[in-house]
Amino acid sequence: MGEPGVGDAFAGVFSDAVSDPAVRETLSARLQDPYRLALQKALGEPENRVLFFIDVVVGTLLHRMGMTGEPMVDADVAALVEMVLAHFADGADPA
């Protein structure tokens, strides 16, 4: 996301996905599902909780890019993942 032009390209595709179910399906199948499946296996969590994890982490990264134009630094990403994983360790259910 931090590479020149990548954030802009993703923002355009993401914007299109809001109103186009076919684009959403493609994004889900090609970008989200591989991570979802890997995280489900690694965390031993059900799909709804892993999707929530993805929403929180990716949403935060995109928010930072949109608000500052800069990607999060590695330390911020590590802190974010630590915060979210702690939520999972507590057994809290977002549903």
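Small disclaimer: the values here were computed from a predicted structure and weren't measured.

1. Some points on the packing of helix H1 (residues 6–19) against helix H2 (residues 21–43)
The contact between H1 and H2 brings their axes to 6 Å, and the two run at 125°. Taken together, H1 and H2 sit at an angle that is classed as oblique. Regarding H1 and H2, the two cross each other, and that crossing is left-handed. Side by side, H1 and H2 meet where Phe10, Val13, Asp16, Ala17, Val18 and Ser19 of the first sit next to Pro21, Val23, Arg24, Leu27 and Leu31 of the second. In terms of residue class, the contact of H1 with H2 is built from 8 nonpolar, 1 polar and 2 charged.

2. Details of the nonpolar core
Counting residues in each nonpolar core, the largest one holds 7 residues, listed as Val50, Phe53, Ile54, Val57, Leu80, Val84 and Phe88. At the level of secondary structure, the elements contributing two or more residues to this core comprise helix H3 (47–68) and helix H4 (74–89). Excluding anything up to four places from it in sequence, Val57 contacts Leu80 and Val84.

3. Examining H2
With 23 residues, H2 should reach 33 Å at 1.5 Å per residue; the first-to-last C-alpha distance of 29 Å falls well below that figure. Bending of H2 peaks at approximately 50° at the position of Gln32, with proline Pro34 no more than four residues after it. Two to three positions downstream of the cap, the backbone nitrogen of Ala22 sits 2.9 Å from a side-chain oxygen, assigning the N-cap of H2 to Asp20. Where H2 ends, the next residue or the one after it, Gly44, has phi of about 65°, a positive value.

4. Here we look at the environment of Ile54
Of note, Ile54 is situated in helix H3. A relative accessible area of 11% places Ile54 in the buried class. When the C-alpha positions of Ile54 and Val84 are compared, they lie 9.7 Å apart, and in sequence the two are 30 residues distant. Here Ile54 is in contact with Gln32, Tyr35, Arg36, Leu39 and Gly59, once residues within four sequence places are set aside.

5. Quick word on the confidence of the model for the protein chain
In this model, the protein chain carries an average pLDDT of 83, and 89% of its residues clear a pLDDT of 70 or more. When the elements of the protein chain are averaged for pLDDT, H1 gives the smallest value, 79, and H2 the largest, 91.

Conventions and cut-offs
- Residues numbered from 1 in each chain as written.
- Predicted model: local features only at pLDDT ≥ 70, side-chain atom pairs only at ≥ 80, totals over all residues.
- Heavy atoms only, no water.
- Axes fitted to C-alpha atoms, helices over the stretch in contact; angles between N-to-C directions.
- Helix = DSSP H or I, 4+ residues; strand = E, 2+ residues; numbered from the N terminus.
- Parallel < 35°, antiparallel > 145°, perpendicular 65-115°, else oblique.
- Left-handed = near helix turned anticlockwise from the far one by under 90°.
- Contact = heavy atoms within 4.5 Å.
- Nonpolar A, V, L, I, M, F, W, Y, C, P; charged D, E, K, R; others polar.
- Core = buried A, V, L, I, M, F, W, Y, C linked by side-chain atoms within 4.5 Å.
- Buried < 20%, exposed > 50% of the residue type's maximum accessible area, 1.4 Å probe, protein only.
- Expected span 1.5 Å × (residues − 1).
- Bend = angle between axes of the 7 residues up to and from the residue.
- Polar contact = N/O pair within 3.5 Å; in protein donor to acceptor, adjacent residues only side chain to side chain.
- pLDDT = per-residue confidence, 0-100.

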